[in-house]
Amino acid sequence: MAKTDEKADGKSGSAETTLGYEQARDELVEVVRRLEAGGTSLEESLALWERGEELATVCRRWLEGARARLDAALAESGDGGGDGGAGGDGEG
């Protein structure tokens, strides 16, 4: 498993902008699998935990962005910009 770019302060740099949601999620699953399997040193376990936290943040940001896009699209269609048709979001 290759390490992504990290700054000297330990915070991820371009990893958060270059990793797609699926990539981050898949790597997070692997990190969790390795932690649950055990057999790693304390130092390696801590490094895996920290990487897992970074990956979870990447996933959370992608999901928040997707939610914002959906909310914006729903708001736009609810403002009379749509055809007033079969969307049916349950409001009103």
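**Looking at the overall build of the protein**
Here comes step 1: The secondary structure content of the protein amounts to three helices and zero strands.
Here comes step 2: Every one of the 92 residues in the protein was classed for burial, and the buried ones make up 15%.
Here comes step 3: Taking contacts inside the protein between residues at least 6 apart in sequence as the whole, the part at least 24 apart equals 60%.
Here comes step 4: When the accessible surface of the protein is summed, it comes to about 7,000 Å², and 52% of that surface belongs to carbon and sulfur atoms.

**Brief notes about the pattern of salt bridges**
Here comes step 1: Counted according to the given criterion, the structure contains six salt bridges.
Here comes step 2: The shortest N-O distance in the salt bridge between R25 and D26 comes to 3.1 Å.
Here comes step 3: Classification of R25 as partly exposed rests on a relative accessible area of 34%.
Here comes step 4: With relative accessibility at 44%, the residue D26 sits in the partly exposed group.
Here comes step 5: Of the charged contacts, one joins E30 and R33 as a salt bridge, the two residues approaching to 2.6 Å between their closest N and O atoms. You can see E30 and its partner R33 sitting in helix α2 (residues 21–37), three residues apart, about one turn around the helix.
Here comes step 6: With relative accessibility at 29%, the residue E30 sits in the partly exposed group.

**Observations concerning the nonpolar core**
Here comes step 1: If you look at the biggest cluster of nonpolar residues, it comprises seven residues: L19, A24, V31, L48, L55, V58 and C59.
Here comes step 2: Among the elements of the structure, α2 and α3 (42–81) are those that each provide at least two residues to this core.
Here comes step 3: Ranked by residue count, the leading element in this core is α3, at four residues.

**A look at the confidence of the model for the protein**
Here comes step 1: Summary statistics for the protein give a mean pLDDT of 80 and a share of 67% for residues scoring 70 or more.
Here comes step 2: Summarising per-element confidence for the protein, the mean pLDDT is lowest in helix α1 (residues 15–18) (63) and highest in α2 (97).
Here comes step 3: This stretch, residues 1–12, has a pLDDT under 50; its non-local contacts, to residues over four places away or in other chains, come to 17 contacts.

**Considerations on α2**
Here comes step 1: With 17 residues, α2 should reach 24 Å at 1.5 Å per residue; the first-to-last C-alpha distance of 24 Å fits that figure.
Here comes step 2: Among all positions in α2, only A24, E27 and V31 are buried. Angularly, the buried residues of α2 cover 70° about the axis, an arc narrow enough to put them on a single face. In α2, the exposed positions that point more than 90 degrees away from the buried face belong to V29, E36 and A37.
Here comes step 3: Directly after α2, the chain includes G38, whose backbone phi takes a positive value near 75°.

What counts and how
Residues numbered from 1 in each chain as written. Predicted model: local features only at pLDDT ≥ 70, side-chain atom pairs only at ≥ 80, totals over all residues. Heavy atoms only, no water. Helix = DSSP H or I, 4+ residues; strand = E, 2+ residues; numbered from the N terminus. Buried < 20%, exposed > 50% of the residue type's maximum accessible area, 1.4 Å probe, protein only. Contact = heavy atoms within 4.5 Å. Areas by Shrake-Rupley, 256 points an atom, 1.4 Å probe, with all protein chains shown as cover. Salt bridge = Lys/Arg side-chain N within 4 Å of Asp/Glu carboxyl O. Core = buried A, V, L, I, M, F, W, Y, C linked by side-chain atoms within 4.5 Å. pLDDT = per-residue confidence, 0-100. Expected span 1.5 Å × (residues − 1). Arc of directions from axis to C-beta.

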